[in-house]
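Descriptive analysis of the structure
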Amino acid sequence: MFAGRHTDRENTPKAQPSGWLGKLMNYQASGQLTSGGMQTGALGTAFLGRSPDGSGFAVFAAVTADGSVVQIHVQDGVDGLAGPGTVSTGLGTVSTGHGIGDDPGVIGVAFKWNPDRALYIADPGRDRLVLLELEDDRRHFAVARSRTISLPEFDRPVDVAAAIPEIANPQFSSHTTLAGGSDLFVANRGDGSLLRLSQDGRLLARATIEIPGLGPLGPDRLRAIATSADAQHIWITIGGEVPGFPGLEGALVEVGVFDEHGAAAAMQGTQGAAADANLAARGKKSFQTDFTPRMGLGPLFNATSCVACHPGPGGASIDENHFARRIAHIDPGSGRTVPIDHPNSPVARRHALRDGMRIVSAAMPSQANVISLRMPLALYGIAGIDEIPDRVIEAQAVSKGDGIKGRAHHVVDGQGASRVGRYGWKADIATLEDMVANAFANELGITSATVSREAGSQPIEDDTAQIEAVAFYLRTLRLPDGAKP
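Cut-offs applied
- Residues numbered from 1 in each chain as written.
- Predicted model: local features only at pLDDT ≥ 70, side-chain atom pairs only at ≥ 80, totals over all residues.
- Heavy atoms only, no water.
- Pairing = 2+ DSSP bridges.
- Helix = DSSP H or I, 4+ residues; strand = E, 2+ residues; numbered from the N terminus.
- Buried < 20%, exposed > 50% of the residue type's maximum accessible area, 1.4 Å probe, protein only.
- Contact = heavy atoms within 4.5 Å.
- Phe/Tyr/Trp six-rings, centres within 6.5 Å; stacked < 30°, edge-to-face > 60°.
- Lys NZ or Arg CZ within 6 Å of the ring centre and 35° of its normal.

1. Considerations on the pairing of strand 7 (residues 128-136)
Direction of pairing for strand 6 (residues 118-123) relative to strand 7: antiparallel, over a ladder of six bridges. Within strand 7, the position partnered with Leu 119 by the bridge is Leu 132. With antiparallel pairing between neighbouring strands as the criterion, strand 6 and strand 7 make up a hairpin whose turn holds four residues, including Asp 127 at a positive phi of roughly 50°. Direction of pairing for strand 7 relative to strand 8 (residues 141-149): antiparallel, over a ladder of eight bridges. Bridge pairing in strand 8 places Glu 135 opposite Ala 142.

2. Description of the sheet that holds strand 26 (residues 358-361)
Strand pairing in a sheet relies on backbone hydrogen bonds, with the paired strands running either antiparallel or parallel. Taking strand neighbours across the sheet as the criterion, the three strands line up as 22-25-26 in an open arrangement whose pairing is antiparallel. Whereas interior strands pair on both sides, the edge strands pair on one side only; in this sheet they are strand 22 (300-301) and strand 26. Pairing analysis gives four bridges linking strand 25 (residues 351-354) to strand 26, with the strands arranged antiparallel. Counted as the bridge partner of His 351 is Ser 361 from strand 26.

3. Comments concerning the environment of Leu 222
Mapped onto the secondary structure, Leu 222 falls in strand 17 (residues 222-227). Classification of Leu 222 as buried rests on a relative accessible area of 0%. Put simply, Leu 222 and Gly 239 are 17 residues apart on the chain and 6.6 Å apart in space, counted from C-alpha to C-alpha. With residues near it in sequence (within four places) discarded, Leu 222 still touches Val 158, Ala 187, Asn 188, Arg 189, Gly 192, Ser 193, Leu 194, Ile 209, Leu 217, Thr 237 and Ile 238.

4. Side note on the environment of Glu 320
Mapped onto the elements, Glu 320 comes out in the loop between helix 4 (311-314) and strand 23 (324-330). Glu 320 sits 56 residues away from Pro 376 along the chain, and the two C-alpha atoms are 9.6 Å apart. Not counting the four nearest positions on each side in its chain, Glu 320 is found in contact with Arg 350 and Leu 373.

5. Let's talk about the packing of aromatic side chains
Taken as a whole and assessed by the stated rule, the structure comprises five aromatic pairs. Ring geometry for Phe 291 versus Phe 440: centroids 6.1 Å apart, planes at 75°, classification edge-to-face. Residue Phe 291 is found in the loop between helix 2 (273-288) and strand 22, and its partner Phe 440 is found in helix 6 (residues 432-444); the two are separated by 149 residues along the sequence. For Phe 291, a relative accessible area of 5% corresponds to the buried category. Overall, the relative accessible area of 2% leaves Phe 440 in the buried class. Sitting over the ring of Trp 425, Lys 426 keeps its end group 5.2 Å from the ring centre.

See below:
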């Protein structure tokens, strides 16, 4: 807890401890590095990441009711950042004809850490956003420069939120932190609208909120917003009563995200719980079925059922006989890996059919000089990867501050559409359905409409429907009670 201008820096020096941890925790009294304090209540906070002093402790920015911005080191306390009146809350030292009365609600703050550090702060009394660009002196943060963003569409903007919150980098992960390149959502308390802005302040889209039984959200009801971790939903808090809840003040409402192309497409609904249960049951049955050559097994395969390699069903197998073998040829001169032109490649299946019926060991291609064993993974929760939007994955493919960055693998899915890969070898498979089809083809030798048929493979009846059923079953798969992930 911190109050006023009191900080741990102003305390007497601590005793000299021994050990590396004790030394890490030992800070000498130094007084405030920058004047400023929490003389009024905090109306909004944002996570700034680790302190630049090398301690590893977190630092937060807080906007107070007098319009100042302070930084809070979780061990050493409060230092100033920007003085009173930086933003107009309608309270304290700033007085305008466009304040927000005695109920400021929140003052929204969002932090951009990549590639440059900046705080976006709502300024409802002046219908603008204040942008503070930050630097540090290796001890604490300071404002390098400030500027404002003003738009005709602003109407008492009280809160801001990341369109894509940072979830990948543990040093900055927070719902107040913008992922690399993320837009911002702005909540207008004046007219109840939501805006989507680019980081440079361009208006991309404006949305109004319809409350069932109430209609469009009116003025002075919208209080605060937050974005879900998967960047698919916006949660808003509103004041006043809503239909169906008489006598209750305030509500939390969930709405879909939107951009310049309109509202995000809703996830495909199903035709009722009974239909879902039936589809999942058919998928589970196929998952546990022991396939035979007459049912489409082969001509090359690793197992006769999905559950053989994913017991439980859906768990991981540590039996080496169930490990997939990915093979290739490495040129000894150049060191380059080249594909092998052989039916039993790049996944070398362990079994084959002879004369269409008899099961024998499959021959390893003689060109293979490198083998990579892949343990069958547990499938609990694997469907969630398919629900991550492409733009969320692409937003994480940026440098995390050390010059190292990832690269999204764009592939073509089973429907011929380009999207970011999520499954398989180096994320070369786009969707859960494609992953299931690929496993049927490579592990069981059973092909579907989404996978090119191998020579000699046996067609099976309604194979695409079977793939869809197994994929739906995996979407419902949950870790057994009492089991550890």
